[in-house]
Amino acid sequence: MNGTQGARGRRIVLWRHGQTAWNIERRFQGSLDIELTDTGVAQAHRAARLLGALKPDAIIASDLRRAAATAAELSAVTGLSIAHDAGLRETYAGKWQGLTHEEIIERFGEEYAAWKRGEPIRRGGGELETEVADRAAPVVLESADKLPDDGTLVVVSHGGTIRTTIGRLLGLEPRTWEALGGLSNCCWSVLGEGARGWRLLEHNAGSLPEPVLGDDD
(Lines give C-alpha, C1' and ligand atoms only; values in the text may rest on other atoms or scores of the structure.)
Protein backbone atom coordinates (compact mmCIF):
# COMPACT_ATOMS: atom_id res chain seq x y z
CA MET A 1 0.00 0.00 0.00
CA ASN A 2 1.52 3.32 -1.02
CA GLY A 3 -1.47 5.55 -1.69
CA THR A 4 -0.45 6.21 -5.29
CA GLN A 5 -2.43 5.52 -8.44
CA GLY A 6 0.01 6.80 -10.99
CA ALA A 7 2.43 9.50 -9.94
CA ARG A 8 0.41 12.67 -9.43
CA GLY A 9 3.27 14.68 -7.95
CA ARG A 10 1.68 15.04 -4.53
CA ARG A 11 3.67 15.94 -1.43
CA ILE A 12 3.08 15.17 2.26
CA VAL A 13 4.72 17.34 4.93
CA LEU A 14 4.72 15.65 8.35
CA TRP A 15 5.26 18.38 10.95
CA ARG A 16 5.98 17.71 14.60
CA HIS A 17 4.42 19.99 17.23
CA GLY A 18 6.33 22.69 19.10
CA GLN A 19 8.06 22.41 22.44
CA THR A 20 6.22 21.43 25.63
CA ALA A 21 7.41 21.54 29.24
CA TRP A 22 7.51 17.75 29.26
CA ASN A 23 9.81 17.76 26.21
CA ILE A 24 12.28 19.86 28.19
CA GLU A 25 12.03 17.46 31.15
CA ARG A 26 12.42 14.46 28.80
CA ARG A 27 9.13 13.19 30.19
CA PHE A 28 7.19 10.68 28.07
CA GLN A 29 3.97 12.36 26.92
CA GLY A 30 2.33 9.65 24.85
CA SER A 31 -1.37 10.34 24.42
CA LEU A 32 -1.57 12.70 27.43
CA ASP A 33 -2.73 16.19 26.46
CA ILE A 34 0.19 18.54 27.20
CA GLU A 35 0.22 22.19 26.09
CA LEU A 36 2.92 24.10 24.22
CA THR A 37 5.31 26.35 26.11
CA ASP A 38 5.68 29.98 25.00
CA THR A 39 8.79 28.83 23.15
CA GLY A 40 6.74 26.12 21.46
CA VAL A 41 4.21 28.68 20.25
CA ALA A 42 7.05 30.84 18.89
CA GLN A 43 8.55 27.81 17.12
CA ALA A 44 5.19 27.04 15.52
CA HIS A 45 4.75 30.66 14.46
CA ARG A 46 8.17 30.73 12.76
CA ALA A 47 7.75 27.33 11.08
CA ALA A 48 4.26 28.22 9.87
CA ARG A 49 5.61 31.23 7.99
CA LEU A 50 8.06 28.92 6.21
CA LEU A 51 5.59 26.14 5.49
CA GLY A 52 3.03 28.65 4.26
CA ALA A 53 5.41 29.34 1.36
CA LEU A 54 4.74 25.80 0.14
CA LYS A 55 1.12 26.86 -0.46
CA PRO A 56 -0.39 23.74 1.11
CA ASP A 57 -3.79 22.57 -0.08
CA ALA A 58 -4.92 20.96 3.18
CA ILE A 59 -3.98 20.68 6.88
CA ILE A 60 -4.80 17.72 9.11
CA ALA A 61 -3.76 17.47 12.75
CA SER A 62 -3.87 15.42 15.90
CA ASP A 63 -6.56 16.70 18.26
CA LEU A 64 -4.14 16.87 21.20
CA ARG A 65 -3.54 20.49 22.22
CA ARG A 66 0.16 20.61 21.41
CA ALA A 67 -0.49 19.58 17.81
CA ALA A 68 -3.72 21.55 17.42
CA ALA A 69 -2.04 24.77 18.60
CA THR A 70 0.86 24.18 16.22
CA ALA A 71 -1.52 23.61 13.31
CA ALA A 72 -3.44 26.77 14.22
CA GLU A 73 -0.37 28.87 13.41
CA LEU A 74 -0.30 27.49 9.85
CA SER A 75 -4.05 27.94 9.52
CA ALA A 76 -3.61 31.61 10.44
CA VAL A 77 -0.97 32.03 7.72
CA THR A 78 -2.77 30.13 4.96
CA GLY A 79 -6.45 30.63 5.77
CA LEU A 80 -6.97 26.87 5.51
CA SER A 81 -9.23 25.08 7.96
CA ILE A 82 -7.82 22.20 10.03
CA ALA A 83 -9.26 18.70 10.05
CA HIS A 84 -8.50 17.24 13.50
CA ASP A 85 -8.31 13.47 13.80
CA ALA A 86 -7.64 11.36 16.91
CA GLY A 87 -5.96 8.81 14.64
CA LEU A 88 -2.96 11.16 14.49
CA ARG A 89 -2.39 11.18 18.26
CA GLU A 90 0.92 10.10 19.75
CA THR A 91 1.47 6.48 20.79
CA TYR A 92 -0.42 5.42 23.90
CA ALA A 93 2.30 4.07 26.20
CA GLY A 94 0.43 3.08 29.34
CA LYS A 95 2.63 3.10 32.45
CA TRP A 96 5.47 4.89 30.62
CA GLN A 97 3.39 8.05 30.26
CA GLY A 98 4.43 10.83 32.63
CA LEU A 99 7.79 9.21 33.42
CA THR A 100 11.15 10.73 32.59
CA HIS A 101 13.58 8.94 30.29
CA GLU A 102 15.66 7.93 33.30
CA GLU A 103 12.63 6.60 35.20
CA ILE A 104 11.58 4.49 32.24
CA ILE A 105 15.03 2.90 32.00
CA GLU A 106 15.09 2.32 35.76
CA ARG A 107 11.62 0.74 35.96
CA PHE A 108 11.25 -0.85 32.54
CA GLY A 109 14.85 -1.44 31.48
CA GLU A 110 14.35 -4.78 29.70
CA GLU A 111 11.25 -3.52 27.91
CA TYR A 112 13.08 -0.36 26.84
CA ALA A 113 16.08 -2.34 25.54
CA ALA A 114 13.82 -4.71 23.58
CA TRP A 115 12.05 -1.74 21.98
CA LYS A 116 15.37 -0.20 20.98
CA ARG A 117 16.36 -3.53 19.39
CA GLY A 118 13.32 -3.27 17.15
CA GLU A 119 11.21 -5.92 18.84
CA PRO A 120 7.41 -5.45 18.84
CA ILE A 121 6.89 -4.13 22.36
CA ARG A 122 3.82 -2.70 24.07
CA ARG A 123 5.63 0.05 25.93
CA GLY A 124 4.03 0.37 29.34
CA GLY A 125 1.28 -1.98 28.18
CA GLY A 126 0.25 0.44 25.44
CA GLU A 127 0.15 0.36 21.65
CA LEU A 128 2.50 -1.45 19.30
CA GLU A 129 4.20 0.82 16.78
CA THR A 130 2.46 -1.12 14.01
CA GLU A 131 -0.89 -0.34 15.64
CA VAL A 132 -0.04 3.35 15.62
CA ALA A 133 0.72 3.09 11.90
CA ASP A 134 -2.52 1.14 11.41
CA ARG A 135 -4.56 4.10 12.68
CA ALA A 136 -2.46 7.03 11.46
CA ALA A 137 -1.32 6.05 7.95
CA PRO A 138 -4.86 5.58 6.56
CA VAL A 139 -5.83 9.06 7.81
CA VAL A 140 -2.84 10.53 5.97
CA LEU A 141 -3.43 8.54 2.79
CA GLU A 142 -7.13 9.37 2.70
CA SER A 143 -6.34 13.07 2.89
CA ALA A 144 -3.51 12.77 0.35
CA ASP A 145 -5.85 11.05 -2.09
CA LYS A 146 -8.07 14.16 -2.04
CA LEU A 147 -5.22 16.44 -3.10
CA PRO A 148 -5.06 17.89 -6.60
CA ASP A 149 -2.18 16.81 -8.80
CA ASP A 150 1.05 18.37 -7.44
CA GLY A 151 -0.83 19.24 -4.24
CA THR A 152 0.64 19.46 -0.73
CA LEU A 153 -0.80 18.08 2.50
CA VAL A 154 0.53 19.19 5.90
CA VAL A 155 0.10 16.64 8.70
CA VAL A 156 0.63 18.05 12.21
CA SER A 157 1.34 15.23 14.61
CA HIS A 158 3.87 13.75 17.04
CA GLY A 159 7.38 12.31 16.73
CA GLY A 160 6.53 8.65 17.22
CA THR A 161 3.40 8.76 15.11
CA ILE A 162 5.21 10.55 12.29
CA ARG A 163 8.04 8.01 12.29
CA THR A 164 5.69 5.02 12.14
CA THR A 165 3.61 6.67 9.43
CA ILE A 166 6.68 7.38 7.31
CA GLY A 167 7.82 3.79 7.78
CA ARG A 168 4.45 2.45 6.69
CA LEU A 169 4.11 4.74 3.66
CA LEU A 170 7.64 3.89 2.49
CA GLY A 171 6.94 0.16 2.88
CA LEU A 172 9.79 -0.36 5.37
CA GLU A 173 9.86 -3.32 7.75
CA PRO A 174 8.65 -2.21 11.22
CA ARG A 175 11.87 -3.28 12.93
CA THR A 176 13.75 -0.71 10.79
CA TRP A 177 11.52 2.28 11.59
CA GLU A 178 13.79 3.37 14.45
CA ALA A 179 16.51 4.00 11.85
CA LEU A 180 14.56 7.04 10.65
CA GLY A 181 15.54 8.90 13.82
CA GLY A 182 13.49 11.46 15.71
CA LEU A 183 12.17 14.89 14.80
CA SER A 184 13.10 18.05 16.69
CA ASN A 185 10.26 20.24 17.93
CA CYS A 186 8.51 21.97 15.02
CA CYS A 187 10.68 20.29 12.39
CA TRP A 188 9.21 18.25 9.59
CA SER A 189 9.75 15.48 7.08
CA VAL A 190 8.60 15.53 3.47
CA LEU A 191 7.37 12.64 1.35
CA GLY A 192 7.07 13.08 -2.39
CA GLU A 193 5.23 10.95 -4.88
CA GLY A 194 7.38 9.10 -7.39
CA ALA A 195 6.75 6.50 -10.07
CA ARG A 196 7.18 3.67 -7.53
CA GLY A 197 5.37 5.21 -4.60
CA TRP A 198 6.24 7.60 -1.79
CA ARG A 199 9.85 8.72 -1.35
CA LEU A 200 11.48 10.43 1.64
CA LEU A 201 12.67 13.81 0.37
CA GLU A 202 13.49 15.60 3.64
CA HIS A 203 13.80 14.37 7.23
CA ASN A 204 13.91 16.46 10.42
CA ALA A 205 14.13 19.61 8.33
CA GLY A 206 13.71 23.16 9.58
CA SER A 207 14.04 24.94 6.26
CA LEU A 208 12.16 24.64 3.00
CA PRO A 209 12.92 21.65 0.74
CA GLU A 210 15.36 22.25 -2.07
CA PRO A 211 15.24 20.37 -5.39
CA VAL A 212 17.57 17.40 -5.76
CA LEU A 213 20.02 18.34 -8.47
CA GLY A 214 22.19 15.48 -9.66
CA ASP A 215 22.12 11.96 -11.01
CA ASP A 216 19.66 10.58 -8.45
CA ASP A 217 16.68 12.87 -8.95
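Residues numbered from 1 in each chain as written. Predicted model: local features only at pLDDT ≥ 70, side-chain atom pairs only at ≥ 80, totals over all residues. Heavy atoms only, no water.

**Remarks on the layout of surface pockets**
At step 1: Put simply, the largest pocket is a space of about 710 Å³.
At step 2: In terms of lining residues, the largest pocket is bounded by 29 residues, among which Arg16, Phe28, Glu90, Trp115 and Gly160 are the most central.
At step 3: Breaking the lining of the largest pocket down by element, the ones donating at least two residues are helix 1 (21-24), helix 4 (101-107), helix 5 (109-116) and helix 7 (159-170).
At step 4: Among the residues forming the lining of the largest pocket, the class breakdown is 7 nonpolar, 12 polar and 10 charged. (1 Å grid on protein atoms, 1.4 Å probe; cavity = no way out; pocket = protein on both sides within 12 Å on 5 of 7 lines; lining within 4 Å. Points joined across faces, edges and corners; volume = space filled by probe spheres on them. Helix = DSSP H or I, 4+ residues; strand = E, 2+ residues; numbered from the N terminus. Nonpolar A, V, L, I, M, F, W, Y, C, P; charged D, E, K, R; others polar.)

**With respect to the confidence of the model for the protein chain**
At step 1: Residues at a pLDDT of 70 or more form 92% of the protein chain, whose mean pLDDT is 92.
At step 2: Low confidence marks residues 1-5, where pLDDT is under 50. Its contacts with residues over four positions away, or in another chain, come to 18 contacts. (pLDDT = per-residue confidence, 0-100. Contact = heavy atoms within 4.5 Å.)

**Things to note about helix 2 (residues 38-52)**
At step 1: Relative to the 21 Å expected for 15 residues at 1.5 Å per residue, helix 2 spans 21 Å between its end C-alpha atoms, a close match to the ideal helical length.
At step 2: Listed as buried for helix 2 are Gly40, Ala44, Ala47, Ala48, Leu51 and Gly52. End-on, the buried residues of helix 2 take up no more than an arc of 130°, which puts them together on one face. Exposed residues lying more than 90 degrees from the buried face of helix 2 are Asp38 and Arg49.
At step 3: For helix 2, the elements touching its buried residues are strand 1 (11-16), helix 3 (65-78) and strand 5 (188-194). (Expected span 1.5 Å × (residues − 1). Buried < 20%, exposed > 50% of the residue type's maximum accessible area, 1.4 Å probe, protein only. Arc of directions from axis to C-beta.)

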